[in-house]
Amino acid sequence: MMISYDVVACGEPLERQERPLPQPTGDQVLMRVKAAGVCHSDLHIWHGSYDLGHGKKLSMLDRGLKLPLTMGHEIAGEVIAVGDAAQGVQVGKRYVVFPWHGCGQCKVCQRGDENLCMAGKSMGVYQAGGYADHVLVPHSRYLVDIGDMSPVQAAPYACSGLTTYSGLRKFDPQVLRDEKVVIIGAGGLGLMAIMLLKAMGGAGAIVIDPDESKHAAALQAGADAVFSPKQDGYIAEVKKAAGGAVWAVLDCVGSTQTVQAAIDMLTKGGHLVQIGLYGGHVDMPTPFMALRALTYQGIYVGNLRELQELMQLVKDRNLPPVPTTCMPFSKAFTALLALEKGQAVGRQVLTPEAA
């Protein structure tokens, strides 16, 4: 039998479920979950909607979410069984799972961008994920070898790491080398972005977060300066710290306030990449896009190739893990509530129950 902690009704406590342990067939791989990250996206899934601003909501149920659902898309674990057609993985070895699956057949998937497939089948969203002691992965190609890396460190790279890595790669490489990047948010995404930016040879990071209890973590992760948006005139201070002009902003929050602030602080030719999904709505005069030569780009996680590149970068640069709080799978709902209340510093990771 396998045990999972599932969403059975949006907004209600997760429920412990027991079901027969699945047996892999064909290309499938069965893994024993060693670590599962708790992501802010899980909150939206649990709530069942995204905030579109002006009182509007985007329903997850309307987008194909089916309950009960085992959430968890940041998964690392050990292979314990494989289907008869599975290749390239070994029983007993540990891997991180690429969870952003597409249909595998369309032009988008064939280009290697399964995360952008219109018929997405993401693990922990549209199929069972990692809030469980075992997980069935549909194809062995989705597993990336982590070597001797701790599963607790590896799991967040499947989303937090992949999303920030993909987001930073959207900026012009020369801009990354020459200009400090403003990172909005010092949660799990923000701290990951600071560390990856440094590993990628970036000029530096300036962080904005209203929660001053997170400022020390941002500085410890390698930020050059940290500012609170509650501070009067903080945008002018951010520009000064950036050398007089802000060329690149990575918004790890994605609220009305953060997107507007990012647009306001960018210089002519500046680039905003939004990865956060907090919710809201922004109005902007359309001539500004051309007159200021702005780029406002949203991204949705990253592709398998980028996850493979990221894991190689982490190994090559021997990157330390982001600040992490571990708790047993049975505390998954507790972790969700802590994230909702803004009480989590860095990443919360679910692990097997103590023996």
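Being a predicted model, the structure only gives us computed values, none of them experimental.

## Observations concerning the pairing of strand β3 (residues 29–38)
Most of β3 is tucked away, with eight of its 10 residues classed as buried. Looking at chain direction, β3 and strand β6 (residues 74–82) are connected through eight bridges and run antiparallel. Opposite Leu30, over in β6, you have Ala81 as the bridge partner. As judged from the four bridges shared by β3 and strand β8 (residues 134–137), these two strands associate in the antiparallel manner. Residue pairing for β8: Met31 is matched across the bridge by Val135. Note that β3 and strand β17 (residues 347–351) share three bridges and pair antiparallel. Residue pairing in the sheet places Val38 in a bridge with Gln348 of β17.

## Some points on the sheet that holds strand β12 (residues 225–227)
The sheet built from six strands is open, its strands ordered β12-β11-β10-β13-β14-β15 with parallel pairing. Every interior strand has two partners, whereas the edge strands, β12 and β15 (295–298), have only one. Going from strand to strand, the sheet's axes swing by 20 degrees on average, the running direction of each strand aside. Bridge count for strand β14 (residues 266–274) against β15 is four bridges, and the pairing is parallel. For Gln274, the partnering residue across the bridge sits in β15 and is Gly298. Sitting on the sheet, helix α6 (residues 188–199) touches β10 (181–184), β11 (205–208) and β13 (246–251), and the angle it makes with β10 is about 160 degrees. Here helix α8 (residues 234–241) sits on the sheet in contact with β10, β11, β12 and β13, set at roughly 170 degrees to β11.

## Details of the pairing of β11
Of the two faces of β11, the one holding Ala205 and Val207 and the one holding Ile206 and Ile208 are both buried throughout. Bridge count between β10 and β11: four bridges; the pairing is parallel. Its bridge partner lying in β11, Val181 is registered against Ala205. For the crossover from β10 across α6 to β11, the handedness is right-handed. Sheet topology note: the β11/β12 ladder contains three bridges and is parallel. Looking across to β12, one finds that Ile206 is bridged to Ala225. Handedness of the β11-helix α7 (residues 215–221)-β12 crossover: right-handed.

## Focus on helix α12 (residues 332–340)
Buried within α12 are the following residues: Ala332, Ala335, Leu336, Ala338 and Leu339. Looking down the long axis of α12, one finds its buried residues gathered within 165 degrees of arc, a one-sided arrangement. Buried residues belonging to α12 abut β1 (2–6), β3, α1 (40–47), β16 (324–328) and β17. Following α12 by one or two positions, Gly342 adopts a phi angle in the positive range, close to 70 degrees.

## Things to note about the packing of helix α4 (residues 160–169) against helix α11 (residues 304–317)
Here α4 crosses α11 at 100 degrees, and the two axes come no closer than 10 Å. Taken as axis vectors, α4 and α11 run roughly perpendicular relative to one another. Of the residues in α11, those in contact with Gly161, Leu162, Tyr165, Ser166 and Arg169 of α4 are Glu306, Leu307, Glu309, Leu310 and Leu313. Here the contact of α4 with α11 is built from residues that sort into five nonpolar, two polar and three charged.

Cut-off values and rules
- Residues numbered from 1 in each chain as written.
- Predicted model: local features only at pLDDT ≥ 70, side-chain atom pairs only at ≥ 80, totals over all residues.
- Heavy atoms only, no water.
- Buried < 20%, exposed > 50% of the residue type's maximum accessible area, 1.4 Å probe, protein only.
- Helix = DSSP H or I, 4+ residues; strand = E, 2+ residues; numbered from the N terminus.
- Pairing = 2+ DSSP bridges.
- Axes fitted to C-alpha atoms, helices over the stretch in contact; angles between N-to-C directions.
- Contact = heavy atoms within 4.5 Å.
- Right-handed = clockwise from strand over helix to strand, strands pointing away.
- Arc of directions from axis to C-beta.
- Parallel < 35°, antiparallel > 145°, perpendicular 65-115°, else oblique.
- Nonpolar A, V, L, I, M, F, W, Y, C, P; charged D, E, K, R; others polar.

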